[in-house]
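Structural overview for review
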Amino acid sequence: MNKKKFIFLSTLFFAFSFNINDSYAKDQIYDQKLEEVIEEYDKNIEEDKSIKSEETSDDLELKDDSLNEKKGSEESEESNEITEKEDLDTDTSKEMIEDKTSGEILEENAEEAEEENYDNSIHTEVSSQTSNINKYLEEKESINIDKKDLTFGKEINLLSIKKQNLNKQELKNKWIIENGKKYYLGEDGKKVQGLYEIKGNTYYFDKNGLVVDKYIVLDKYGKYKIDSSGKATLVYKARPGWVTTKEDAYYFDQNNRLIRGRRNVGGNYYIFDFETGKILRNGFKVYDNKTYYVDDRGVILKGIVELNRNKYYFTIDDGMVKNKEIVADSGKYQTDSKGRAFLIQKARPGWMTTKEDAYFFDQNNRLIRGRRNVGGNY
């Protein structure tokens with residue numbers, strides 16, 4: 001009866017667990033139901049063992065009473081025989097005692113064999129139940145169960161359910177929500193990224209899930225408008241030149257690809273984000289381990305730049321210049337380890353030198369550039 005009850009509960013439990021759609025709820029109910037089934041099974045096993053033990057105890061008592069009666073009868077008969085046959089020698093008496101002792105040993109062996117058969121039957125039943133569960137799970141291809149070696153006298157231990165392979169058929173081509181963010185699982189069961197078509201509609205996913213209420217610009221495609229439901233519509237096809245959204249600016253090259261990194265566009269230098277391709281604006285930016293400053297249009301500033309009451313000196317090739325003498329249009333500066341520039345000599349007509357270079361200021365205190373005649377020499 002216990003075996004049938006366990007099989008019924010197990011089947012009911014597993015059938016119930018695989019009909020739950022929500023993966024989180026399934027895990028919670030699954031663990032709870034598993035504990036109930038195991039507890040019920042353990043309880044039934046203990047009841048079987050107790051009943052069997054009582055039956056065995058009653059049988060042993062009956063056998064002991066029968067054995068005592070038999071032994072009393074045999075002793076009486078033996079006493080009569082000894083009285084009638086006093087001429088039996090000592091060897092004959094020893095043989096009778098040995099025969100009686102041998103009989104008792106045989107009785108005890110029979111009792112031990114019966115108990116061992118009971119142990120084996122319980123072990124066989126446990127193994128059979130475990131085999132049935134495993135066979136069911138293998139057919140479902142849904143979960144794996146770790147087991148201890150099941151032998152009589154050891155606790156039946158179905159270890160924690162491994163959740164990484166839960167119902168593979170349900171974990172693909174499906175919307176899911178994680179930490180309040182919406183994702184879509186593709187044919188391979190993994191979260192999709194980028195443009196993805198679902199039932200005739202186009203959506204866009206980034207690493208944080210479905211993108212909504214936004215404009216995006218993509219390589220070779222162009223600009224998309226994404227509505228509140230996440231549906232993406234192409235509104236500007238990619239072609240060479242600038243393309244802007246309400247927040248950002250991008251630039252397509254001659255191959256309709258978004259440019260990235262530090263690039264010269266129309267005589268100005270810009271830094272474009274390596275991941276998205278959008279232009280970087282407003283503030284200090286690090287590119288190729290060099291620090292630059294870009295304005296609100298994204299243009300890289302160069303020369304002496306005053307920021308928050310401090311002056312800095314930037315070049316296109318080296319970014320912020322530190323710990324060096326430099327000459328700018330306003331004169332000669334010394335920069336410190338933080339890049340701050342301090343004026344040490346104002347501009348005036350004539351030559352001005354540093355440890356490494358030489359410069360010349362014209363009559364308007366401006367640095368001359370290009371090929372020029374200075375003191376009769378070019």
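Note that the structure is a prediction, hence the values are computed from the model and not measured.

This part covers the overall build of the chain. Along the chain, the regular secondary structure elements total three helices and 22 strands. Within the chain, buried positions represent 31% of all 378 residues. Taking as baseline every contact in the chain between residues at least 6 positions apart, the subset at least 24 positions apart corresponds to 34%. Counting every atom, the chain has about 25,700 Å² of accessible surface; 44% of that belongs to carbon and sulfur.

This part takes up the sheet that holds strand E15 (residues 303-307). On the basis of which strands lie adjacent, the open sheet formed by three strands has the order E15-E16-E17 and antiparallel pairing. The sheet is open, and its two borders are formed by E15 and strand E17 (319-320), each paired with just one other strand. Here E15 pairs with strand E16 (residues 310-315) via five bridges, running antiparallel. Considered in E16, the bridge of glycine 303 is made with phenylalanine 314.

As a further point, take the sheet that holds strand E20 (residues 341-346). What links the strands of a sheet is backbone hydrogen bonding, and the strands pair in either a parallel or an antiparallel sense. Spatially, E18-E19-E20 is the arrangement adopted by the three strands of the open sheet, whose pairing is antiparallel. Both edges of this open sheet fall to strand E18 (325-328) and E20, since each of them pairs with a single strand only. Each neighbouring strand pair of the sheet contributes to a mean axis angle of 35°, computed without reference to strand direction. With four bridges joining them, E18 and strand E19 (residues 331-335) adopt antiparallel strand pairing. Counterpart to isoleucine 326 in the pairing with E19 is tyrosine 333.

In this section: unusual backbone geometry. Although it is not a glycine, asparagine 173 adopts a positive phi angle of roughly 50°. Within the fold, asparagine 173 resides in the loop between helix H3 (90-140) and strand E1 (174-178). Exposure remark for asparagine 173: the relative accessible area of 38% places this residue in the partly exposed category. Even without being glycine, asparagine 289 reaches a positive phi, approximately 65°. Tracing the sequence through the fold places asparagine 289 in the loop between strand E13 (283-287) and strand E14 (290-294). Among the residues examined, asparagine 289 registers a relative accessible area of 76% and is labelled exposed.

Bringing the side chain of aspartate 219 into the picture now. For aspartate 219, the location among the structural elements is in the loop between strand E6 (214-218) and strand E7 (222-226). For aspartate 219, a relative accessible area of 19% gives the class buried. A polar contact is formed between the side chain of aspartate 219 and the backbone nitrogen of leucine 258, at a distance of 2.6 Å. Looking at aspartate 219, its side chain comes within polar contact range of the side chain of arginine 260, at 3.2 Å. Among residues more than four places away in sequence, those in contact with aspartate 219 are Phe252, Asn256, Arg257, Leu258 and Arg260.

With the rule as written, the count across this model stands at eight salt bridges. Note that glutamate 187 is salt-bridged to lysine 172, the shortest N-O span being 3.5 Å. In this pair, glutamate 187 sits in the loop between strand E2 (181-185) and strand E3 (194-198) while lysine 172 sits in the loop between H3 and E1, placing the two residues 15 residues apart along the sequence. Taking the shortest distance from any N to any O, the salt bridge between aspartate 336 and arginine 340 comes out at 2.9 Å. Several salt bridges share partner residues, and in doing so they unite Asp219, Arg257 and Arg260 into one network.

Time to look at the pairing of E14. On a regular strand, one side chain projects to one face of the sheet and the next to the other, so that they alternate. Pairing analysis gives five bridges linking E13 to E14, with the strands arranged antiparallel. Directly across from valine 286, in E14, lies its bridge partner threonine 291. Two successive antiparallel strands, E13 and E14, enclose a turn made up of two residues, where aspartate 288 displays a positive phi of approximately 55°.

Centre distance and the angle of the planes are the two values used to describe a pair of aromatic rings. Following the criterion strictly, the structure yields 15 aromatic pairs and no others. Geometrically, the ring pair formed by tryptophan 175 and tyrosine 203 is edge-to-face, given 5.5 Å between the ring centres and 80° between the ring planes. A residue pair is termed long-range when its members are at least 10 positions apart, and tryptophan 175 in strand E1 and tyrosine 203 in strand E4 (residues 201-206) qualify at 28 residues. Here tryptophan 175 falls in the partly exposed class, since its relative accessible area comes to 30%. Taking relative accessible area as the criterion, tyrosine 203 reaches 9% and is therefore assigned buried.

Take the environment of isoleucine 271 next. Relative to the assigned elements, isoleucine 271 resides in strand E12 (residues 268-272). Of the residues examined, isoleucine 271 reaches a relative accessible area of 2% and is grouped as buried. Isoleucine 271 sits 15 residues away from valine 286 along the chain, and the two C-alpha atoms are 9.3 Å apart. Not counting residues within four places of it along the chain, the set of residues in contact with isoleucine 271 comprises Gly261, Arg262, Lys278, Ile279, Leu280, Lys285, Tyr287, Tyr292, Gly298 and Ile300.

Take the confidence of the model for the chain next. Residue-level pLDDT values for the chain average 75, and 55% of them are 70 or greater. Below a pLDDT of 50 lies the segment residues 12-26, which in the model reaches 28 contacts outside its immediate sequence neighbourhood of four places, other chains included. Under a pLDDT of 50 for its full length, residues 96-102 has, in the predicted model, two contacts with residues more than four places off or in other chains.

What counts, and where the lines are drawn
Residues numbered from 1 in each chain as written. Predicted model: local features only at pLDDT ≥ 70, side-chain atom pairs only at ≥ 80, totals over all residues. Heavy atoms only, no water. Helix = DSSP H or I, 4+ residues; strand = E, 2+ residues; numbered from the N terminus. Buried < 20%, exposed > 50% of the residue type's maximum accessible area, 1.4 Å probe, protein only. Contact = heavy atoms within 4.5 Å. Areas by Shrake-Rupley, 256 points an atom, 1.4 Å probe, with all protein chains shown as cover. Pairing = 2+ DSSP bridges. Axes fitted to C-alpha atoms, helices over the stretch in contact; angles between N-to-C directions. Polar contact = N/O pair within 3.5 Å; in protein donor to acceptor, adjacent residues only side chain to side chain. Salt bridge = Lys/Arg side-chain N within 4 Å of Asp/Glu carboxyl O. Phe/Tyr/Trp six-rings, centres within 6.5 Å; stacked < 30°, edge-to-face > 60°. pLDDT = per-residue confidence, 0-100.

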